[in-house]
Amino acid sequence: MSGLSPNFVESAQAYDLGFKLPDTSGSVLPQKIAILSPIAATKQSGFTGYNVAKRINSYAEALEEYGICPATIAMRILKPLTGGGFKGVVDVFPIEDADGASAGAGSITPTAVAAATSSNTHYIKFNGRKSIEGRYCSFSVAKDDTIADICDSIVAAITGFLHAPVVPTDSTTKVDLAATWKGISANQIEIEIDTNGDDCGITYTIVDIGSAPTTAEGAAEIDDALTNFGETHYTKVLNVFGSSVFTTLSTFN
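To start, this report covers the structure provided alongside it. (Residues numbered from 1 in each chain as written. Predicted model: local features only at pLDDT ≥ 70, side-chain atom pairs only at ≥ 80, totals over all residues. Heavy atoms only, no water.)

**Observations concerning helix 1 (residues 59-66)**
Among the residues of helix 1, Tyr 59, Ala 62, Leu 63 and Tyr 66 are the ones counted as buried. The arc enclosing the buried residues of helix 1, seen along the axis, measures out at 100 degrees, which places them on a common side. Buried residues in helix 1 make contact with strand 3 (54-55), helix 2 (70-78) and strand 4 (89-94). (Buried < 20%, exposed > 50% of the residue type's maximum accessible area, 1.4 Å probe, protein only. Helix = DSSP H or I, 4+ residues; strand = E, 2+ residues; numbered from the N terminus. Arc of directions from axis to C-beta. Contact = heavy atoms within 4.5 Å.)

Structure (structure tokens):
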């Protein structure tokens with residue numbers, strides 16, 4: 001659990017219910033985690049499972065079912081591709097986007113006096129992570145590359161990176177980014193370029209997802225999902241919506 005970024009996937013403190021039954025025996029409850037999360041925009045067409053628990057057993061399964069979204073990012077840490085991780089049960093409750101929800105946007109703008117002055121490999125980091133599941137979102141800069149060349153390389157790197165939480169669009173002099181899911185939780189995506197010891201004369205200006213005026217909009221409605229907890233006792237609820245749903249969680253608890 002320590003691997004979950006507090007800036008990206010928040011734990012709802014009101015639902016940290018512990019693992020002991022309230023009786024004299026102190027029997028240990030099975031560890032069960034519920035994740036309330038939007039799903040990727042590319043997975044929404046025809047999707048009918050909103051607010052209903054689905055048992056997810058691996059990161060790969062979450063990726064196939066929901067695309068890159070907060071639930072999948074959490075599953076990457078809880079039940080990674082490499083095995084191991086959390087041994088208990090994880091149920092995902094997909095939350096439908098609010099009316100008018102937007103994905104939010106950002107950008108990467110490379111600039112240079114003329115062209116790249118040397119060759120190197122540069123890395124795109126998401127929320128501080130250079131490597132995700134042993135893979136890197138990297139691109140090559142060659143001496144004399146133009147800004148258009150570098151933008152092409154950035155787009156190819158992000159498009160080819162399985163774990164990217166953004167979709168790139170080549171605008172020739174910059175790369176526009178849109179979160180892979182909609183709603184306010186996308187405002188926690190952070191982008192960074194690691195120039196690997198040699199910037200090749202290139203300066204990168206980053207506009208993170210959620211920076212004004214392109215902040216993602218759309219607060220979640222989680223009441224139906226909470227009702228569908230039924231009699232299941234979840235020992236932890238992962239809330240990616242932050243303070244916007246604290247009142248709802250507190251009232252339900």
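**Considering the environment of Ile 184**
Relative to the elements of secondary structure, Ile 184 occurs in the loop between strand 11 (175-179) and strand 12 (191-194). With 83 residues separating them along the chain, Ile 184 and Ala 101 place their C-alpha atoms 8.2 Å apart.

**Brief notes about the nonpolar core**
Membership of the largest hydrophobic core comes to 52 residues, with the highest contact counts inside it found for Ile 35, Ile 124, Phe 139, Ile 154, Ile 158 and Tyr 204. Residue contributions to this core peak at seven residues, all from helix 3 (residues 147-159). For Ile 154, the residues in contact, after removing those within four places along its chain, are Ile 108, Ile 124, Phe 139, Val 175 and Tyr 204. One finds Ala 34, Leu 36, Ala 220 and Phe 241 within the second-largest nonpolar core, a separate group that totals 15 residues. (Core = buried A, V, L, I, M, F, W, Y, C linked by side-chain atoms within 4.5 Å.)

**A few points about the packing of aromatic side chains**
Scanning the entire structure with this criterion turns up eight aromatic pairs. Ring plane angle 65 degrees and centroid distance 6.3 Å describe the contact between Phe 47 and Tyr 66, whose orientation is recorded as edge-to-face. Here Tyr 66 lies in helix 1 and Phe 47 lies in the loop between strand 2 (32-37) and strand 3, a separation of 19 residues in the sequence. The exposure class assigned to Phe 47 is buried, which follows from its relative accessible area of 18%. With a centroid separation of 6.0 Å and an interplanar angle of 15 degrees, the aromatic rings of Phe 126 and Phe 161 are classed as stacked. Taken together, the residues Phe 126 in strand 6 (residues 120-126) and Phe 161 in the loop between helix 3 and strand 10 (166-170) connect sequence positions 35 residues apart. The exposure class of Phe 126 is buried, given its relative accessible area of 3%. Residue class for Phe 161 comes out buried when judged on its relative accessible area of 7%. Grouping aromatic residues by their ring pairs yields a cluster made of Phe 47, Tyr 50 and Tyr 66. (Phe/Tyr/Trp six-rings, centres within 6.5 Å; stacked < 30°, edge-to-face > 60°.)

**Quick word on the environment of Ala 220**
Note that Ala 220 resides in the loop between strand 13 (203-207) and helix 4 (223-227). Among the residues examined, Ala 220 registers a relative accessible area of 13% and is labelled buried. Remark: the alpha-carbon pair of Ala 220 and Gly 183, spanning 37 residues in sequence, is separated by 7.4 Å. Excluding its chain neighbours within four sequence positions, the residues that come into contact with Ala 220 are Ile 95, Phe 241 and Val 245.

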